[in-house]
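Letter by letter, the chains look like this.
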Amino acid sequence: MHPDKDIAKDIHDINQIPIITNILNVICQSTGMGFSAVARVTDNKWVTCSLRDDISFGLKPGDELELKTTICDEIRDHQNPVVIDYVDEDPEFKNHHTPLQYGFQSYISIPIIRKDGRFFGTLCAIDPKPRNLNSSETLQMFKLFSDLISFHLNSIEQLDYTQLLLEKERELNRLTEETSKKFTDILENK
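For clarity, every value in this text was computed on a predicted model and none was experimentally measured.

**Student:** Can you help me understand the pairing of strand β2 (residues 46-53) in this one?
**Tutor:** When a strand is regular, its side chains alternate between the sheet's two faces. Among the eight residues of β2, six are classified as buried, and the element is accordingly described as predominantly covered. Here seven bridges tie strand β1 (residues 35-41) to β2, and the two strands are oriented antiparallel to one another. Counterpart to A37 in the pairing with β2 is L51. Between the end of β1 and the start of β2, which pair antiparallel, lie four residues. Bridging between β2 and strand β3 (residues 64-65) involves two bridges; their strand directions are antiparallel. For V47, the partnering residue across the bridge sits in β3 and is E64.

Given below as structure tokens:
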């Protein structure tokens, strides 16, 4: 499959998960964050799959950010969560190019890992104000949501594979019937 078709399918698959909107709403309501999203992150793309945007960040599903401008790119490499309560007071991130470029003060992002170990992307949230995010409860909530997303993506993938097998079986049955009919016609003509 072409990479852009893969991304389009990933966006479609995320939006087929009925709980995605609720997950993003719960994240914003429980953390006070104004933006939450599921992002597809590859080795060359960051693409919005689904989001809640109460701060007018300006993205919609399918929109891209330049990969190197995101912390999610770093998360793709190390596959660990990143939590920042207050960028201006964080020694590691106060001069980081991403918060400077996008103007946020609080950030949390958790990797979404498919059940077979492949990295899918991130479940992330940002806000222009500092927030108290670095707690075990918040981290556990994000990890649970990430696992739920991974579970649903796996189910969709299995369903797609089953449907493909069923289509191939139907085609094989159709070809078998056509061959059988031709063979019967040949025998009847003799």
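**Student:** It is not clear to me how the pairing of strand β5 (residues 106-113) should be interpreted in this structure. Could you clarify?
**Tutor:** Judged by how many residues are buried, β5 sits mostly within the fold: seven of eight residues are covered. Relative to β5, strand β4 (residues 82-84) is paired through three bridges, and the arrangement is antiparallel. When the bridges of β5 are listed, I84 appears paired with Y107. Across eight bridges, the pairing between β5 and strand β6 (residues 119-127) is antiparallel. Residue pairing for β6: I113 is matched across the bridge by F119. As consecutive antiparallel partners, β5 and β6 are separated by five residues, and within that stretch G117 has a phi angle of approximately 95°, a positive value.

**Student:** How should the nonpolar core be read in this particular structure?
**Tutor:** Generally speaking, a soluble globular protein has its nonpolar side chains buried in company with each other. The biggest cluster of nonpolar side chains holds 26 residues, and the ones touching the most others in it are I14, I27, V38, L123, F142 and I149. Within the residue set of this core, elements represented by two or more residues are α1 (3-16), α2 (20-31), β2, β5, β6 and α5 (136-189). The element that contributes the greatest number of residues to this core is α5, accounting for six residues. Apart from the residues within four sequence positions on either side, I14 is in contact with I20, V38, C49, S50, F120, I149 and L153. By size, the runner-up hydrophobic cluster in this structure holds 21 residues, among which are F35, L59, I71 and F104.

**Student:** What's the story with the sheet that holds β4 in this structure? I'm lost.
**Tutor:** The pairing of strands in a sheet comes from backbone hydrogen bonds and takes either a parallel or an antiparallel form. The strand order β3-β2-β1-β6-β5-β4 describes an open sheet built from six strands, whose pairing is antiparallel. Only two strands of the sheet have a single partner each, and these edge strands are β3 and β4.

**Student:** What am I meant to see in the environment of D77 here?
**Tutor:** Note that D77 resides in helix α3 (residues 71-78). Residues D77 and D43, spaced 34 residues apart in sequence, show a C-alpha to C-alpha distance of 9.0 Å.

**Student:** Is there a simple way to think about the packing of aromatic side chains in this case?
**Tutor:** Aromatic ring pairs are described here by two measures, namely the spacing of the ring centres and the angle between the planes. The final tally for this structure, using the stated rule, is three aromatic pairs. Aromatic pair F104 and Y107: ring centres 5.3 Å apart, planes at 20°, arrangement stacked. By relative accessible area, which is 3% here, Y107 ends up buried. One aromatic cluster is present, built from ring pairs that chain together F35, F57 and Y102.

**Student:** Just to check I follow, could you spell out the side chain of H96 for this structure?
**Tutor:** Tracing the sequence through the fold places H96 in the loop between β4 and α4 (97-102). Within the structure, H96 has its side chain in polar contact with the side chain of E74 (distance 2.7 Å). In this view, H96 contacts I71 and E74; residues no more than four positions away in its chain are not counted.

**Student:** So what exactly am I meant to see when it comes to the packing of α2 against α5 here?
**Tutor:** The angle between the axes and the distance between the axes are what describe a pair of packed helices. Between α2 and α5, whose axes approach to 11 Å, the crossing angle comes to 170°. Taken together, α2 and α5 sit at an angle that is classed as roughly antiparallel. Within the contact between the two elements, α2 uses I20, I23, V26, I27, S30 and T31 and α5 uses T138, M141, F142, F145 and I149. Grouping the constituent residues of the contact of α2 with α5 by class yields eight nonpolar, three polar and no charged.

Criteria and thresholds
- Residues numbered from 1 in each chain as written.
- Predicted model: local features only at pLDDT ≥ 70, side-chain atom pairs only at ≥ 80, totals over all residues.
- Heavy atoms only, no water.
- Buried < 20%, exposed > 50% of the residue type's maximum accessible area, 1.4 Å probe, protein only.
- Helix = DSSP H or I, 4+ residues; strand = E, 2+ residues; numbered from the N terminus.
- Pairing = 2+ DSSP bridges.
- Core = buried A, V, L, I, M, F, W, Y, C linked by side-chain atoms within 4.5 Å.
- Contact = heavy atoms within 4.5 Å.
- Phe/Tyr/Trp six-rings, centres within 6.5 Å; stacked < 30°, edge-to-face > 60°.
- Polar contact = N/O pair within 3.5 Å; in protein donor to acceptor, adjacent residues only side chain to side chain.
- Axes fitted to C-alpha atoms, helices over the stretch in contact; angles between N-to-C directions.
- Parallel < 35°, antiparallel > 145°, perpendicular 65-115°, else oblique.
- Nonpolar A, V, L, I, M, F, W, Y, C, P; charged D, E, K, R; others polar.

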